[in-house]
Amino acid sequence: MESVLIDLAEDRVTGALRLDEAGTVYLTDGRVTYAESPAVPRLEDLLTADDRIPAQAVRQARQAATEDRPGGERLVGQGVLTRGELEFCVLSAVLDAAYFLSGSAAHRRGFRPGDRHWLGPQWYFDVAGLSRECERRRAQLDRAWPSGELDMLPVAPLARIPAQRVVLTSLQWEVLVAADSVATPAELARRLGRPAYSVLLAVRRLAAAGLLRVPEAGGRPGAAPIGTGTPAPAPQTPQSSQTSPTPQVPQTPSAPPALPRRPKTTGEPRAGGEPREGAVGSAASARWLPSATGDPTDVNLLIRLRNALEALT
Amino acid sequence: MLGIEDCVTEAMAIPGALDALLIDQTSGMAVAVGGGRDEDVDESAAALSETLRAAMDGLALNSPGGTIRINDMIVTADNGHHLLRPMETVFDGPLVIYVRLDPERSNLALARHRLRSISGRLVTT
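Residues numbered from 1 in each chain as written. Chains lettered and ligands numbered in written order. Predicted model: local features only at pLDDT ≥ 70, side-chain atom pairs only at ≥ 80, totals over all residues. Heavy atoms only, no water.

With respect to the overall build of chain A
Piece 1. Counting its regular elements, chain A contains 13 helices and 4 strands.
Piece 2. A burial count over chain A gives 45% of its 313 residues as buried.
Piece 3. Summarising the internal contacts of chain A: among those between residues at least 6 apart in sequence, 72% fall at separations of at least 24.
Piece 4. Summed over its atoms, the accessible surface of chain A is roughly 15,700 Å², and 55% of this surface lies on carbon and sulfur atoms. (Helix = DSSP H or I, 4+ residues; strand = E, 2+ residues; numbered from the N terminus. Buried < 20%, exposed > 50% of the residue type's maximum accessible area, 1.4 Å probe, protein only. Contact = heavy atoms within 4.5 Å. Areas by Shrake-Rupley, 256 points an atom, 1.4 Å probe, with all protein chains shown as cover.)

Points about the domain arrangement of chain A
Residues and elements named next belong to chain A.
Piece 1. Entries for chain A in the domain assignment read domain 1 (2-131) and domain 2 (145-312).
Piece 2. With 12 residues of domain 1 at the contact, the number on the domain 2 side is 13 residues.
Piece 3. In total, about 950 Å² of surface goes out of reach between domain 1 and domain 2, with carbon and sulfur atoms giving 67% of it.
Piece 4. Of all residues in domain 1, P38, P41 and D96 bury the most surface against domain 2, accounting for 38% of the area lost on that side. (Domains from an automatic or database assignment. Buried area = accessible area lost by both parts, 1.4 Å probe.)

Focus: the sheet that holds strand β2 (residues 23-28) of chain A
Residues and elements named next belong to chain A.
Piece 1. Pairing is antiparallel in the open sheet, where 4 strands are placed in the order β3-β2-β1-β4. The open sheet has two edge strands, β3 (31-36) and β4 (109-113), and neither has a second partner. Strand after strand, the sheet turns through a mean of 20° between neighbouring axes, direction not considered.
Piece 2. Summarising the sheet, β2 and β3 pair through 5 bridges and their orientation is antiparallel. Pairing of T24 across the sheet is with E36, part of β3. (Pairing = 2+ DSSP bridges. Axes fitted to C-alpha atoms, helices over the stretch in contact; angles between N-to-C directions.)

Concerning the state of the cysteines
Piece 1. Following the criterion strictly, the structure yields 0 disulfides over all chains and no others.
Piece 2. The thiol of C7 of chain B is unpaired, and the distance to the nearest cysteine sulfur, on C89 of chain A, comes to 16 Å. (Disulfide = S-S within 2.5 Å.)

Structural notes on helix α6 (residues 127-144) of chain A
Piece 1. Taking 1.5 Å as the rise per residue, α6 of chain A with 18 residues should run 26 Å; its terminal C-alpha atoms sit 26 Å apart, in good agreement.
Piece 2. Within α6 of chain A, burial applies to V127, G129, L130, S131, E133, C134, R136, R137, Q140, L141 and A144 of chain A. (Expected span 1.5 Å × (residues − 1).)

What to know about the packing of helix α3 (residues 55-64) of chain A against helix α4 (residues 71-78) of chain A
Residues and elements named next belong to chain A.
Piece 1. Between α3 and α4, whose axes approach to 8 Å, the crossing angle comes to 135°. Comparing the axis directions of α3 and α4 gives the class oblique. Between α3 and α4 the crossing geometry is right-handed. From α3, A57, V58, A61 and A64 reach across to α4, where they touch G71, R74, L75 and Q78. (Parallel < 35°, antiparallel > 145°, perpendicular 65-115°, else oblique. Left-handed = near helix turned anticlockwise from the far one by under 90°.)

Let's talk about α4 of chain A
Residues spaced three or four apart along an α-helix point in a common direction, a consequence of the helix completing one turn every 3.6 residues.
Residues and elements named next belong to chain A.
Piece 1. By the burial criterion, the buried members of α4 are G71, G72, L75 and V76. Looking straight down α4, one finds that the buried residues subtend no more than 135° of arc, so they occupy a single side.
Piece 2. Downstream of α4 by a residue or two, G79 has a phi angle that is positive, lying close to 80°. (Arc of directions from axis to C-beta.)

Now the structure itself:
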């Protein structure tokens, strides 16, 4: 993707570069002014997440946007947010999308000259700066927890943690409150109206602090909870020894009510814990979910499906 | 009402200001830079957001409720006064404005007041 962008930047073009299903990058005079990807929350979601900015105002600004007076000017003019806030929001959203776009290998590309984003240019990025920042973010994720194994899996907080005291950032708190052992980091980001990268970083830091369940296949030395005085469970069976005896989920106040779960009928022998069928059911089924949803193609398919359904309503 | 660049410009206009930075605390990224320096800005931004995070963690543990909300942080050092002010934003949290002041030419109380005024005009929360 980068080489295409560099070429477009050199030609100082204005328009939208569509990268397959991965997303779209908007350029203005050869500089990137907007980027979006279905893997990250939309800017509208970020703006209206905590109801401080009415969704109605954003929708109207979008519909009324013209080339002379793009939606961004309208929003600032109405006083729903300051110029600095709008700039920062665009900055967050573009870097967030760019991070996930830079990792994608889109085969089919299309460039629509003259196409503009409804917000209008609020912040200008040069292509080199964008890719440098994506690189820095990748390194930062790896420093936090050097494995991508949790990135696509449901976020499952431990019911009991091997520590007496925990310090959380406000975003980590939001993630834990919303985590229901079903939603992946990307879904949580959308639910919370926070950038997907920030949520991913929070999840990795939570994992590094030993507060999340990690898949048993990991088997890496760092996978066991750290910061504990007691010895870590045997590496072969961290899951069964750790999580199955502790009832999961009900005490975490998940924002939207979880769907009723079907009793588990097939396959997978459960390790230990037969007597606690009801209590363990959700944890156990959540534990086996990854085999179905961990695959990025599954996730992308679901995202596309959801987008299509949203477009219908 | 300020834009991001104006915010750094105004921070540099504080008497005695040597450096100013606007930092995205979550990612540790330099959003805007004042004072004409451009090398190792990213490193500074990451280090400063770590500094603030460490202070928050330490003070949270030291507080009765275990939570902390820092309004601003002042560190006086050999190479000047370092002022950090986190600002809550609605989208991603917090944006931090940082300014380093010449100890000989600055007035800490004034600088702190100016920083508060800048942040009040940058964000509406």
